[in-house]
Amino acid sequence: MFVISPYKDWLIQLSEKLPDKELISFNGIDLKSGELLKKRNSVYEILHKNQISQKDAVAIISDNSLEFVVELLAIWTVGAVPVPINIRQSENEIIEQLDFVNAKLVFTDSKLNLFNNSKLKFNIVSNDEVFNNSEAAVSEEWQIEPESLALLMFTSGASGTPKCVEITFRNLISSAGSVLKLLKISPHETWLATLPFY
């Protein structure tokens, strides 16, 4: 076991020390740390080309997928704020939420057949493009602080209109730590994500 330095990209450190460490398994595809780093850097390049910078809102409209995870990691690397959007909403509801957070870019699954409207004011990147983009080196590192905004998420709207909730990195880490403590998950076990990421 090694200690992750807070001053260097954690995924670079992990891929240097344990390049063959399997990090994600989804639908028969296993991603090792080195592969995840390459894919994350590829999405980083898409963000860079679209001039995404710190604190910009970047939406992800997708079922649970490898692309979703890679996009999330790349968005954090830039210092932007991911906005997972519920795919079960109407196109108008989704557009309202994208407008509300002032989304600068939207990653979406082409199978969802969204956004046939050519008057949209935000750039859209299909998940099909995510893994076909050339890899780039990360040229900047954003220092994550516990109180930095990690996610903008909308509530389900069960009691009315969905509300936007700000979630910090401290919130995410505390939640994950509580689950790890409660379930006593070891580093050798696998965690199954069954709920939608949005």
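Residues numbered from 1 in each chain as written. Predicted model: local features only at pLDDT ≥ 70, side-chain atom pairs only at ≥ 80, totals over all residues. Heavy atoms only, no water.

### Overview of the packing of helix 2 (residues 33–49) against helix 3 (residues 66–78)
- Closest axis-to-axis distance for the helix 2/helix 3 pair is 8 Å, and the angle between their directions is 60 degrees. The angle between the axes of helix 2 and helix 3 places the two elements in the oblique class. Classified by chirality, the crossing of helix 3 by helix 2 is right-handed. Facing helix 2, whose interface residues are L36, K39, R40, V43, Y44 and L47, helix 3 presents V70, E71, L73, A74, I75, T77 and V78. (Axes fitted to C-alpha atoms, helices over the stretch in contact; angles between N-to-C directions. Helix = DSSP H or I, 4+ residues; strand = E, 2+ residues; numbered from the N terminus. Parallel < 35°, antiparallel > 145°, perpendicular 65-115°, else oblique. Left-handed = near helix turned anticlockwise from the far one by under 90°. Contact = heavy atoms within 4.5 Å.)

### Points about the pattern of salt bridges
- Under the criterion given, the structure shown has one salt bridge.
- Its salt-bridge partner being E147, residue R170 comes within 2.3 Å of it at the nearest N-O pair. Separated by 23 residues along the polypeptide, R170 in helix 6 (residues 169–183) and E147 in the loop between helix 5 (127–130) and strand 7 (149–154) bring together distant segments of the chain. (Salt bridge = Lys/Arg side-chain N within 4 Å of Asp/Glu carboxyl O.)

### Section: the environment of A103
- Its place among the elements puts A103 in strand 5 (residues 103–108).
- A sequence separation of 18 residues divides A103 from K121, and the C-alpha atoms of the two residues are 9.0 Å apart.
- In this structure, A103 is in contact with A57, L98 and F122, ignoring residues within four places of it in sequence.

### Overview of the sheet that holds strand 3 (residues 57–61)
- A sheet is described by the order of its strands in space; here four strands give the open sequence 4-3-5-6, paired in parallel fashion. Of all strands in the sheet, those with a lone pairing partner are strand 4 (81–84) and strand 6 (123–126), marking the two edges. Strand after strand, the sheet turns through a mean of 25 degrees between neighbouring axes, direction not considered.
- Both strand 5 and strand 6 contribute to a ladder of four bridges, which runs parallel. Residue pairing for strand 6: T108 is matched across the bridge by S126. (Pairing = 2+ DSSP bridges.)

### Focus on the pairing of strand 4
- Burial along strand 4 is two-sided: the face carrying V81 and V83 and the face carrying P82 and P84 are both buried.
- Judged from the four bridges that link them, strand 3 and strand 4 form a sheet pairing that is parallel. Pairing of A57 across the sheet is with V81, part of strand 4.
- You can see the chain leave strand 3, run along helix 3 and come back into strand 4, and the turn it takes is right-handed. (Buried < 20%, exposed > 50% of the residue type's maximum accessible area, 1.4 Å probe, protein only. Right-handed = clockwise from strand over helix to strand, strands pointing away.)

### Section: helix 3
- Here helix 3 is 13 residues long and its end C-alpha atoms lie 19 Å apart, about the 18 Å a rise of 1.5 Å per residue gives.
- Across the 13 residues of helix 3, 11 count as buried, placing the element largely inside the fold.
- Taken together, the buried positions of helix 3 are occupied by L66, F68, V70, E71, L72, L73, A74, I75, W76, T77 and V78.
- G79 sits one or two residues past helix 3 and shows a positive phi near 95 degrees. (Expected span 1.5 Å × (residues − 1).)

### Comments concerning the layout of surface pockets
- Quantified by volume, the second largest pocket comes out at close to 160 Å³.
- Together, Q89, E93, E96, Q97, F100, F154, T161, P162, K163 and C164 line the second largest pocket.
- No other element matches helix 4 (residues 91–101), which puts four residues into the lining of the second largest pocket.
- Split into classes, the residues belonging to the lining of the second largest pocket amount to four nonpolar, three polar and three charged. (1 Å grid on protein atoms, 1.4 Å probe; cavity = no way out; pocket = protein on both sides within 12 Å on 5 of 7 lines; lining within 4 Å. Points joined across faces, edges and corners; volume = space filled by probe spheres on them. Nonpolar A, V, L, I, M, F, W, Y, C, P; charged D, E, K, R; others polar.)

### Concerning the confidence of the model for the protein chain
- For the protein chain, per-residue confidence averages 83 on the pLDDT scale, and 87% of positions sit at 70 or higher.
- Per-element confidence in the protein chain is highest for strand 4, whose mean pLDDT is 97, and lowest for helix 5, whose mean pLDDT is 78.
- The low-confidence segment residues 1–5 (pLDDT under 50) makes eight contacts with residues lying over four places distant or belonging to another chain. (pLDDT = per-residue confidence, 0-100.)

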